[in-house]
Amino acid sequence: MMKIVVLSGAGVSAESGIKTFRDGNGLWENHDIMEVASTEAFKRNPALVLDFYNQRRRQLQTVEPNSAHIALAELEKHHDVTIITQNVDDLHERAGSTDVIHLHGELLKARSTVDENLILEWKDDLNIGDCCDNNHQLRPHIVWFGEMVPMIEVASEIIEDADAIIIVGTSMQVYPAAGIIQYAKANAQVYFIDPNPSINPTKRISVYAEKASTGVPKVVEKLASMS
Ligand code: OAD
């Protein structure tokens, strides 16, 4: 069994119908990202931010995992797989992946605005007035711009142990997420799948310049045949 780490971004969910951040018109679902995904935005206009994430949460209930999520889940039959995702959707879990680390939080969770460790499952809309048991307003359990990424240390340690790394659907522009690749072993093989790849192939990096739905199953088939 190999230890395989997957680093996924918005592109893996694009074909399920969830928009990426930096493709197209530079807006995210018609918003400047800093207007909806930053601590300043939540201070300035909490209702707008809550409403934006309510829409994302509702949209998530209408979409399904695609063949890339499903292939990654199937890879667990052959290898020890950990998925480190920048995505806040639950499509990797719904496809059947059992070891998923969300670097940027989870849409289906809410947390206290006062105690960041008080985290609740949250499937419905989240509104002003929705409070935890300590009577503090709840907010989406999302890592916004301007906030620390608490899972980054755990993720860096996991990537250190990887024999192979699959990177899929990320522009590799957002740090610290993009930086964890530097913790990989020098001989870890990297498979990079993105129709618009941000890196060039080398002896160690195989680039699949195609969509996740076709590229991921190819890489999974290749890895499944290796012991
Ligand atoms: P980006 O929107 O920056 O990049 C999406 C990547 O997916 C691009 O490289 C596209 O070429 C690629 N892509 C598009 N369609 C694809 C498909 N069908 N198959 C495979 N790849 C495809 O998204 P991320 O890199 O995930 O953070 O963005 C990182 C973070 O920036 C997000 O987690 C988010 C955002 O700010 C927060 O909200 C905190």
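Okay, the sheet that holds strand 2 (residues 80–85) next. Here six strands make up an open sheet; going across it, the order is 3-2-1-7-8-9 and the pairing parallel. On the outer flanks of this sheet lie strand 3 (100–102) and strand 9 (205–208), each paired with one strand and no other. Neighbouring strand axes in the sheet, compared pairwise and without regard to direction, differ in orientation by 15° on average.

In this section: the site of the ligand. With respect to spatial proximity, 23 residues lie near the ligand, and among them Phe21, Arg22, Thr170, Ser171 and Asp194 are the closest. For the ligand, an oxygen atom lies 2.7 Å from a polar atom in the side chain of Thr170. In this structure, Asp194 approaches the ligand through a side-chain N or O atom, which is 2.6 Å from an oxygen atom. Alone, the ligand offers 790 Å² of accessible surface; in the complex the protein occludes 94% of this. Of the residues contributing to the shell around the ligand, the split by class is nine nonpolar, nine polar and five charged.

A word on helix 8 (residues 212–224). Note on helix geometry: an α-helix contains 3.6 residues per turn, so any two residues three or four positions apart are oriented the same way. If you check helix 8, its first and last C-alpha atoms are 17 Å apart, about what 13 residues at 1.5 Å a residue would give, namely 18 Å. Buried residues of helix 8: Ala212, Ser213, Gly215, Val216, Val219, Val220 and Leu223, and no others. Each buried residue of helix 8 sits inside an arc of 170° when the element is viewed along its axis, so together they form one side. Those residues of helix 8 that are buried are in contact with strand 1 (3–8), helix 1 (11–14), helix 5 (67–74), strand 7 (164–168), strand 8 (189–193) and strand 9.

Rules and cut-offs
Think of each chain on its own: its residues are numbered from 1, step by step along the sequence as written. Only residues with pLDDT of at least 70 are given local features in this predicted model, and only at 80 or more are side-chain atom pairs given and counted; all residues enter the totals for whole chains, interfaces and linings. Water and hydrogen atoms were dropped before computing side-chain values, which therefore reflect all heavy atoms in the structure. Between any two strands, pairing holds if DSSP finds at least two bridges. By the criteria applied, helices consist of DSSP H or I runs no shorter than four residues and strands consist of E runs no shorter than two, each listed in order from the N terminus. To obtain each axis, a line is fitted to C-alpha atoms, and for helices this fit is confined to the stretch in contact; angles are then taken between N-to-C directions over 0 to 180 degrees. A single heavy atom is enough: if one lies within 4 Å of a molecule or strand, its residue is considered near that molecule or strand. Here a polar contact is recorded for every N or O atom pair within 3.5 Å, except that within protein the pair must consist of a potential hydrogen donor and a potential acceptor, and residues adjacent in sequence are included only if both atoms are side-chain atoms. Note on areas: Shrake-Rupley with a 1.4 Å probe; residue coverage comes only from the protein chains shown. Throughout this entry, Asp, Glu, Lys and Arg are counted as charged residues, while Ala, Val, Leu, Ile, Met, Phe, Trp, Tyr, Cys and Pro are counted as nonpolar. The remaining residues, Gly among them, count as polar. Multiplying 1.5 Å by the residue count of a helix minus one yields the expected span of that helix. Per-residue accessibility, obtained with a 1.4 Å probe over protein chains only, is compared with the maximum for each type, and a residue is labelled buried under 20%, exposed over 50%, and partly exposed between these values. Throughout, the arc means that of the directions going from the helix axis to the C-beta atoms. The criterion used for residue contact is that any of the two residues' heavy atoms lie within 4.5 Å.

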